[in-house]
Amino acid sequence: MKIIWIIIRWIIGVMFCLTSIGGFANGDIGFASFVLSIGLLFLPPVSKALFKKKSIQNTQIKKSKEKSTDDLVSVASRKVGSNTTEMTIDLNEENLMALFKEKQKQREAEIRNFNYVPMQIQRQGIQLLESIHILNTTKSFDTLIGRYEFISNMYDDFVKASHNKRYISDIQVAIDQYKSMYYDRILKDYELQLLVQPNHENLTDYYSNCLFNCFNGFYKEQMEQIENLKRDDAKRRRKEKVIEIADNTISEFDKNGSDNDRFKPLLSSLREIIDNLDSRERKSIVETKQMNNPIVINPKSTFELTLYNANQKEIKKAIQILKDDNIWNKEKDLLPLFTAHNIKCKEIEDYISEYKPQYHKFIEQAKASSDEYKSASEMDRLDIENEFKEEAINNLYERAACEIDILFEGSEIPETIDDELIQEYGFETISKYIGFSYRKDKIISNWERKEFEDLLKADLAISGSDLPNEEVLFSQTLKTLNKIAEKEEGHFKRKQKAVDHLKENPKLLDNIGKHVSTRSMFKIKSLPEQFKGIDLEKLSASWAYVKEYITLLTDTFRDSERSTEDIKGDKSWIKEFRVEKHEDFTPDFICQRARKECDKKYSKNRPPKLPFHVGCNCNLRTEI
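The structure reproduced in this document is the subject of the present report. Nothing here was measured: the structure is a model prediction, and the numbers come from that model. (Residues numbered from 1 in each chain as written. Predicted model: local features only at pLDDT ≥ 70, side-chain atom pairs only at ≥ 80, totals over all residues. Heavy atoms only, no water.)

### Observations concerning the packing of helix α5 (residues 118-137) against helix α9 (residues 200-228)
Here comes step 1: Interaxial distance between α5 and α9 falls to 7 Å at its minimum, and their mutual angle equals 40°. Of the possible angle classes, the one that applies to α5 and α9 is oblique. Residues I132, L135 and N136 of α5 pack against Y206, Y207, C210 and N213 of α9.
Here comes step 2: Grouping the amino acids of the contact of α5 with α9 by side-chain chemistry returns 5 nonpolar, 2 polar and no charged. (Axes fitted to C-alpha atoms, helices over the stretch in contact; angles between N-to-C directions. Helix = DSSP H or I, 4+ residues; strand = E, 2+ residues; numbered from the N terminus. Parallel < 35°, antiparallel > 145°, perpendicular 65-115°, else oblique. Contact = heavy atoms within 4.5 Å. Nonpolar A, V, L, I, M, F, W, Y, C, P; charged D, E, K, R; others polar.)

If you want it as structure tokens, here you go:
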């Protein structure tokens, strides 16, 4: 069958070729050429010559791919426990060497078959020297990237051409022409080496140097200009531009830079420059108030926190609680320390001092510009104010994950409001007193007596026979009141009538003890005369503020420790870092800075330092 098909192809091919001769004779060149090409394709020797080379190349590529996957690496796994699997990865050295030799042969074939054109080498040699000069002198990051891409596209031709015998003489011609064109430029040895002895690794090292030189030139130029700017917002925007270029420089180094260890100090210095510029110009409390016993609780973390305003013993207790992984509810253990000793955190105080004025200013401006608010009733105004507060929070550049209205408004209450009470009664007793103070004028029942023991001992509550009979009666159900009055169930339909009847018959009051356990009934007393000036509502609001304060501290400390751990170790497998904002999961939580940061791509050599601010709930995501 194969022989028959070959004979048929010969017949058809010869017929098309003979037909084309007639076309050429009649002057129909286009049609004749088309028929001739079809006839030649049908001839077996021609088609074999055309398609044999491609078939061989495809076979070699297929074999190479097969070797580069299954034959090079062997993976084995075995179960070593109920939930554990052990995986072993081995390299096949024999196949690996075979693949290496095969690739070497392919490279030798590329060099051997390279189409060497002297004029082209001379022309490209001049272009390469011009581009190398631009790489070494430019301060524009975009120019640097574009020029390096241009060099990369043609540099392998120089590597292949360098094996040709006349390469050096042609390159010398290019160098001489370059010198005559740019007589004021002095060629350096490393520039000549890139052309005379072309090598990809040397080019990568040179480009890495140029990356840092380019940024340093740009940085110096920008800092000089920033010094001459008068407006703070213009300075801030210029610094943001410098940080952006620095981030792009690190990203480009990750992608195309050298693995040489000598560039690590340059990377470190670049990160230091960014860190210095990236710190937002926030007025620190240190400038306005001397800190008492400051202690950094997490030195060298991604977000350092400083506690102060108490003796070191109490601050160290707080630090111990923060660092103890066995304490789940840290807020409960920290609240007594912070209320009793008025411990403060510098970073939270800085946050409040920066954003509280912005928060109140926004609300006041919204009130002044709202016709609805001006004409609204008192209760409607409160409702509108809550809407303004939410808008004000959403407009903050950095939004802390807490009840910001409680944080800002509670910070205005004097921190010493509870000092005398805690000193007199202790934190636990006052904590219970405030917890029950909202029922100060009523009998409290259905509580175990042990919850009130401290209050009874401190004479801040009464129980049992000390309770007024009338108040005890009004705390009972009608069913119990009828029993005390020795009446049938349903006799009294209203409590007032039942109580009036019992007051008119004092002997019946002896029945209270038969039907009611006054020992498990309590009433909160008013504070003694010496503490009459203390506003319990403000005190309660102050403690709500301290709880939010502590929540901010514990969350920020936890996230800084986690982030510090996440960016440590080997990052060779990581492509880049991204920031994931909380708004992606909770649309109502809007943070302007998070929106800005999540649009960026962070180099693996300069990951973002989370948290960005106190109460930051952004997450770090790795791209591989």
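### Remarks on the sheet that holds strand β4 (residues 306-308)
Here comes step 1: One open sheet holds the 3 strands; their spatial order is β3-β4-β5, and the pairing between them is antiparallel. Strands at the two margins of the open sheet, each flanked by one partner only, are β3 (295-296) and β5 (344-345).
Here comes step 2: Strand direction decides the pairing type here: β4 and β5, joined by 2 bridges, are antiparallel. In the sheet register, Y308 faces β5, and the bridge partner there is K344. (Pairing = 2+ DSSP bridges.)

### Let's talk about the sheet that holds strand β8 (residues 576-580)
Here comes step 1: Read from one edge to the other, the open sheet built from 3 strands follows the order β9-β8-β10, with strand pairing classed as antiparallel. Either end of the sheet is taken by a strand with one partner, and the two such strands are β9 (602-603) and β10 (619-623).
Here comes step 2: Two strands pair when backbone bridges link them, and β8 and β10 are joined in this way by 5 bridges, in the antiparallel orientation. Among the inter-strand pairings, E580 is bridged to a residue of β10, identified as N619.

### Digging into the environment of H133
Here comes step 1: Residue placement: H133 occurs in helix α5.
Here comes step 2: H133 sits in the partly exposed class, given a relative accessible area of 22%.
Here comes step 3: Residues H133 and I186 lie 53 residues apart in sequence; the distance between their C-alpha atoms is 10.0 Å.
Here comes step 4: Dropping the residues within four chain positions of it, H133 is found in contact with Y178 and R185. (Buried < 20%, exposed > 50% of the residue type's maximum accessible area, 1.4 Å probe, protein only.)

### Side note on the environment of S520
Here comes step 1: Positionally, S520 belongs in the loop between α24 (512-515) and β7 (522-524).
Here comes step 2: Counting along the chain gives 70 residues from S520 to K450, while the straight-line C-alpha distance between them is 9.7 Å.
Here comes step 3: Other than its neighbours up to four places away in sequence, S520 contacts I444, S445, N446 and W447.
Here comes step 4: Polar contacts involving the side chain of S520 include one to the main-chain carbonyl oxygen of S517, which spans 3.1 Å. (Polar contact = N/O pair within 3.5 Å; in protein donor to acceptor, adjacent residues only side chain to side chain.)

### As for the environment of Q496
Here comes step 1: For Q496, the position within the fold is in helix α23 (residues 495-504).
Here comes step 2: The sequence separation of Q496 and L473 amounts to 23 residues, and the corresponding C-alpha distance is 9.6 Å.

### Quick word on unusual backbone geometry
Here comes step 1: Between L610 and P611 the backbone carries a cis peptide bond, its omega angle lying at -5°.
Here comes step 2: Mapped onto the secondary structure, P611 falls in the loop between β9 and β10.
Here comes step 3: Even without a glycine there, the phi angle at N293 is positive, about 55°.
Here comes step 4: Tracing the chain through its elements places N293 in the loop between α11 (264-278) and β3.
Here comes step 5: Even without glycine at this site, N309 takes up a positive phi of about 80°.
Here comes step 6: Mapped onto the fold, N309 is located in the loop between β4 and α12 (312-323).

### Examining helix α13 (residues 330-341)
Here comes step 1: Along its 12 residues, α13 runs 17 Å from first to last C-alpha, staying within 8% of the 16 Å computed at 1.5 Å per residue.
Here comes step 2: Listing the buried residues of α13 in full gives K330, L334, L335, L337, F338 and T339.
Here comes step 3: Where the residues of α13 are buried, they touch β4, α12, α18 (419-425), α19 (427-436) and α25 (536-566).
Here comes step 4: Positive backbone phi, approximately 55°, marks N342, located one or two places after α13. (Expected span 1.5 Å × (residues − 1).)

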